[in-house]
Amino acid sequence: MRKRTQVLIKAVLIYAGLALALFAALFPIAWTVSTSFKHIGEYYTYPPVWVPREPTLANYQYILYTAGLGYLRNSLVISSLNTLLVLLVSIPAAYGIARFWGGRGSLPFWILSQRMFPPIAVIIPLFLLMRRVGLIDTHLGLVGVYSTFNAAFAVWLLIGFFVEFPKEIEEAAMVDGCTRGSALVRIVLPLISPGIVVTGIFCFIFSCNEFLFALILTREAARTVSVQLSAFLAPTRILWGEMSALIIISIIPIFIMTMAVQKYLVKGLTFGAVKG
Amino acid sequence: MTVWKIYLSRFKYVLPVILILLVITIFPLVYSLSLSFFHCDLRTGGRWIFAGVDNYVQALFHDSRVWSSFRNTLMIGGPSIGLQLLIGLGLAILLHRNIYGKSVIISLLVTPVMISPIVAGLKWRMLYHEKYGAINAFLRMLGLDAQWAWLADRNLAVLAVIFTDVWVWTPLVMMVVLAGLQSIPLECYESAKIDGASSFQAFSYITLPLLKLPILAVVLIRMIDTIKLFDIIYVLTMGGPGGRTETISFYAYLVGFRHFRMGYAAAISYIILIVTIALTMIFIRLMRPKEA
Amino acid sequence: MSSSFGREKIIWLVLAILVVVLFSGGMVNAQKPYAGETITVAVHAVPHATGVYMFQEAFERKTGIKVEVIEMAPEVIYEKQMTEFFAESGAYDVVQFNPAWIADYSHHLEPLEPLAEQYDLDFQLDDIMPIFLDLYCSWEGVWYGMPWDGDTWMLYYRRDLFDEHGFSTPQTWEEYREIAEYFAGWDWSGDGVTNYGSASYLKRGRTYWTFLARFAGFGGNYFDEDMNPLINSPVGIEALENLLETIPHEPPGALDYSYMEVRTAYVKGDVAMVLQWTCVGKAAEDPVESEIVGKTGYAVLPQERTMVAGGWNLGIPRYSEKKGAAIQFIHFITHPDISLDIVIDPATSLDPYRVTHFVSPKFRASWPAAGEYLDAIEANLEQGFPDLQIPGAAEYMDVLDYQLTLAYAGEKTAQEALEDTAREWVEITRRLGFEEQKSAWLSQLEAMKELGLID
C-alpha cells in the first residue's frame, strides 16, 4: 500500500516535471505560431493576443509563393549533405581514436580545436579561398565549411560512445571471423545507434541554424533560411508575421526527421530499460 | 615493417577527417595568423602594414573592452552552461523510462534548438517587452505586478540573455545525455540490484560514471560555443545596456566587421583561441585525471 | 536519299530562323542597347525592396534589362558589401548604401557623372533636396550616389494632448524635457495603464543619433578645424545631461528601445511625443496598426537643428561589369514620376527626397494632414545636421554609441563618457592617418558651410 502511493507520487512528479519543461520549451513556439497568423496590427497589443481575432494566411502565402521555399530547399540540401559527409568521416575517426588511442591524445584535441576559432577572423580568407575555387554561393561551399565545426562535434560525441562500448562484444565477433571493419558496421554501430542518431540530428541542426558563414559565403542561389530570416529584421519594420511563418515552415522538416529517427533513439531501451 | 603496417591500418580510420579539415581550414588559419601581425584596414584599401606584436599588446594591455567582454562572457556563459547541464540531465533522467507519448514529448522538447538562434533571440526580444511582451503578461496573470524591463536593466538583461541561451541549448544536453543513458547495458543495473543498491546509489555509482564521456563532450562543445556566443546578443541586446552583455565574440565581430580592422580582429581572435584552448585543456584534465 | 534531303531542309530552316532571330535581335538591340542583360541589385529586404519590385517589369519592358533583386538584411548590408568589394567580386551591379559610409565606399564606387554623360542621361539633380545632393550623394566633390530613401528625424507629438493640457511644441530641449516630465507616470489616456512623456532610440546600436540631435541643437559639431574632437565640449556635456534627465520620463524599458519599440510606443498611444524617422508619420495614420489616427502633430526638432539621420543611396560598384545597364536602372528608378509613386506607397517605407515629391498634390492628398507632414519634413531638412561622413565614420559613431549607453546605465557620468569618447576618437584619427582624416573632415566642413548649416 505504502509502496503504491510512493509509485503514484513519483509518477505525478515525473509528469509534472515534464509538463513544466514542455511549457517552458513551447511558450515561445506557441507565440511564434500565433504570430504567424496575425495581421500587422496585432503584433503588439496590450494585453498580448494569443488567438488572432481575424487569423490570416497571408504570411504563409508570402513565404510559400514569394520568398521562402527556395531558401528552405537550400538549407535542407546543405544540411543533409553535410550531415552525411560528417557522419561518414567522423564515425571511423571516432572509432579509430577510441580503439587505438584510447580516446585521447593530440589528434582529438586538434579536431576539437576546429570548432574553437571565432568565425570573424577566418571568414574573409575563407571568402577569398572559396572565390578562387568558385564555391561562393554554392551548396558545396557551405557543406565543406560546416564540416569543420560539425566534425569536431561529431567526433567528440562519438568517441564517448565507442569508448564506453564493451570491447568484449566486438572481440567476440572478430573471433567469429568478422574483420574489424565488418564488426564495426554489423555489431558496434547498431548498438550505439542512439549516439549516432543524436549526433546526426544535431549536425543537421547546427548546419541549418548557422548564420555568419551562410551570410558571407552565399548571395542568392544558395541562400539559407537563417540568412533569409535575418532579412525580415528591417529597421523600419520587423516583419514578425512573415518571419514567424518561415520559422514554423522551416521547423517542420526537422521536427518530422526527429520523430522519424526516434525508434533508433529509443531502441537502446529494449536492451536496457531502467524501471522507474 | 609490421609496426608500420599496423600504424597505417589504424591511421586510415582518421585520415579522411584530417584531410577534410586540413583542406578547408589551413589557408584561413595561416592567413589570419599572419594578418594578426599586420595592420590591415579594409576601409582604407586593405593594405598590409607590418605591426609586429602591436595588435596583441593593444588588445591585452590597452583595450579595456577586451577584458570586460571576457568577463561578461564568463558571467553569462558560466551560469548558462550550469543550468543547461542541470536541466538537461534532469530531463534526460525523467525521459529515460516508459512514458506515454514519449517520442512526441522528446520531439517537442527539442523544438527550441531547431530555431535559428538569430531569430530565437528576436522572438525573445518580443516576449521580454515590458508592456507588450508575453512573459510579463503571463506573470501579471499569476497576480504579480510585472512591469519588468527585462532588457533595459543591467542585471535583468544578463539574466534575460542567460534564459534565452538556456532555452535554446538545453535540448542538446538533454538529447546527448539521453542517448548516453540508452546505451548503458541493462546488465550493469541488474548486478547492482542483486547487490541491493538503492536507485540513487545505482545512479551515482553506475550511471554517472558511464555518462562521463558524453557529458564531457557536450559540456566542451557548449563551452566552446558559448565563447563564440554572438547571434543571441546581436539581436537581443546588442551588448547593452551599459555594455553588460557585450561578449568577447560580439566585440570581435564589431572590430572585424563594423570597424573592418582585420589585423586587430585577427589578433583578438587568436587570443580567444588561446583562452579557449587553455580552458578546454583544464577542463579535460579535471574530468579525466588519469590522463595527467 | 530522301532522309538526307529532309535533313538538309531542316538545316536550312534552322539557319533561316537563326538569321531572323539574330536580325530581329539586332533591331531590338538598336533601340535597347542592353536588352537581355541581367543586372543584380543589392538592396534592403522588403519593405525597401518593394520599391524595386513595383517597377521591375516596367523597367524590363522599357529597356529589356532584367533585374535580379538580392534582398539583404539591413543590419548586415555593410559587412556583406564590404566583403564583396574587398574581393573585387563584381557580384552586384547596383548597391544600396548609407551616406555615412560614403567615404569608405568611395574607393569602391564608380563616379556617376562620367557615366551619366556617356549615356546622355539627365538625373534632374536640381530637383533633389540640397542636403541630400551636396552632402549625402557626393564625397570630396565626386558624385557617387542617387538618393533612394530620403530620411530625416522629426518631432511627432500628440496634438490632442498638447491642446488639452495647454502645451505648444518645444522650442528648446529643456522645454522638451519639461513636457516629457509633465506627461510621465500617470494615466492620461484613461485606459488604466500608466503613460509616459516621450520615447527615444536608446538601445545600443543607433542611440548616437538621439544624442547628436541634441548635441547639434546645443551648437555642437564633430571636430574643429584642426581635427580636435568637440564631442566633449561643454555643449556636448550639457546636451547629454539634458538627455539623461529626460530618460526617467520615458517608459520603464526605454534603455532597450530601438526603432521598433519607439514606433510601437507612439502609435499605440503610450507616449506623448517621439523623435523619429519620417516613416513613423505614415504608420501613425495607418488604422491597421495605429490607435491614434489623426491625432499627430509634426514639428521641427528643438533648438533649430535636426539630425538628418541616415537615408539611403543607390550606387554602382567599380567592379560591376554592367555599368551601362546599371546606370539605366538608377536613372529609371529615381525618375521624378516613378520615385514619387515609390515614396507615396507606405508599403515601401521609402521617404521623399525630391523637391517635386514635397509639392506633389497626389502626395499631399494621401491623408488629411499629409501636407502638414511634408512641410514639416521639409522644414526639418532645412535645419538639418548631417551624419559624420569621413572615413571610419561608422567606428567613430560606434565608440560614441557604446560610451552613451554606459552613461545611460549610470556606469559613467556624462562628462566621463564624452571624455572617453573624445580620447578614442583621437586614437581612431591617428590610426586612420591624421592628415588624411583632417583633409576629409575639412572637405565635409566645407560642404556643410556651403549649405549654411554652420557659420
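In case you missed it, the structure is sitting above this.
Residues and elements named next belong to chain C. Of all the six residues making up strand 7 (residues 153-158), six are buried; the element is thus mostly covered by neighbouring parts of the structure. Residues of strand 7 alternate between two faces, with W153, L155 and Y157 on one and M154, Y156 and R158 on the opposite face, all of them buried. Relative to strand 9 (residues 271-277), strand 7 runs antiparallel, the two being bridged by five bridges. Bridging across to strand 9, W153 finds its partner in W277. Here strand 7 pairs with strand 10 (residues 296-299) via four bridges, running antiparallel. Counterpart to R158 in the pairing with strand 10 is T296.

Attention shifts here to the pattern of salt bridges. Residues and elements named next belong to chain C. Inspection of every chain in the model, using the stated rule, returns 40 salt bridges over all chains. For K323, the salt bridge is made with E110, and the minimal N-O distance between the two is 3.9 Å. Taken together, the residues K323 in helix 13 (residues 323-333) and E110 in the loop between helix 4 (102-105) and helix 5 (112-118) connect sequence positions 213 residues apart. Across the pair D420 and K412 runs a salt bridge, and its minimum N-O distance is 2.6 Å.

So, on to unusual backbone geometry. In most cases, non-glycine residues show a negative phi, while peptide bonds are predominantly trans. The omega torsion of the bond from A:Y46 to A:P47 falls at -10°, within 30 degrees of zero and hence cis. On the secondary structure map, A:P47 appears in the loop between helix 1 (2-36) and helix 2 (58-66). Of the consecutive residues B:G240 and B:P241, the connecting peptide bond is found in the cis state with omega at -15°. Locating B:P241 in the fold gives a position in the loop between helix 10 (231-236) and helix 11 (248-258). Although it is not a glycine, C:E88 adopts a positive phi angle of roughly 50°.

Counting from both sides, the interface comprises 105 residues of chain B and, opposite them, 107 residues of chain A. Between chain B and chain A, roughly 9,700 Å² of surface is buried when both sides are summed, and carbon and sulfur atoms account for 80% of that area. Together, B:Y13, B:M114 and B:M126 form the three largest contributors to the area buried by chain B at its contact with chain A, with a combined 8%. For the pair chain B and chain A, the interface holds one salt bridge. With a shortest N-O distance of 2.8 Å, B:D225 and A:R115 are connected by a salt bridge.

The subject of this paragraph is the pairing of strand 12 (residues 312-315) of chain C. Residues and elements named next belong to chain C. Burial of strand 12 is two-sided: the residues W312 and L314 facing one way and the residues N313 and G315 facing the other way are all buried. The pairing of strand 3 (residues 94-97) with strand 12 spans three bridges and is classified as antiparallel. By the bridge assignment, V95 is partnered in strand 12 with G315. As paired strands, strand 6 (residues 146-149) and strand 12 are joined by three bridges and run antiparallel to one another. Residue M146 lies in a different strand from strand 12, and its bridge partner there is L314.

The next point concerns the nonpolar core. Within the largest apolar cluster, 366 residues are counted, with the highest numbers of intra-cluster contacts made by A:F162, A:F202 and C:F211. In terms of residue count, helix 7 (residues 154-182) of chain B provides more of this core than any other element does, 17 residues in total. Excluding residues that lie within four positions of it along the chain, A:F162 makes contacts with A:I91, A:A94, A:Y95, A:A98, A:R99, A:L184, A:V188, A:L189 and A:I192.

Listed per partner, the contact involves 26 residues of chain A and 35 residues of chain C. Linking C:E84 and A:R219 is a salt bridge whose minimum nitrogen-to-oxygen distance equals 2.7 Å. The element best represented in the side of chain A that touches chain C is helix 5 (residues 119-132) of chain A, accounting for four residues. Here the side of chain A that touches chain C is composed, by residue class, of 17 nonpolar, four polar and five charged.

About the criteria used
- Residues numbered from 1 in each chain as written.
- Chains lettered and ligands numbered in written order.
- Predicted model: local features only at pLDDT ≥ 70, side-chain atom pairs only at ≥ 80, totals over all residues.
- Heavy atoms only, no water.
- Buried < 20%, exposed > 50% of the residue type's maximum accessible area, 1.4 Å probe, protein only.
- Helix = DSSP H or I, 4+ residues; strand = E, 2+ residues; numbered from the N terminus.
- Pairing = 2+ DSSP bridges.
- Salt bridge = Lys/Arg side-chain N within 4 Å of Asp/Glu carboxyl O.
- Contact = heavy atoms within 4.5 Å.
- Buried area = accessible area lost by both parts, 1.4 Å probe.
- Core = buried A, V, L, I, M, F, W, Y, C linked by side-chain atoms within 4.5 Å.
- Nonpolar A, V, L, I, M, F, W, Y, C, P; charged D, E, K, R; others polar.

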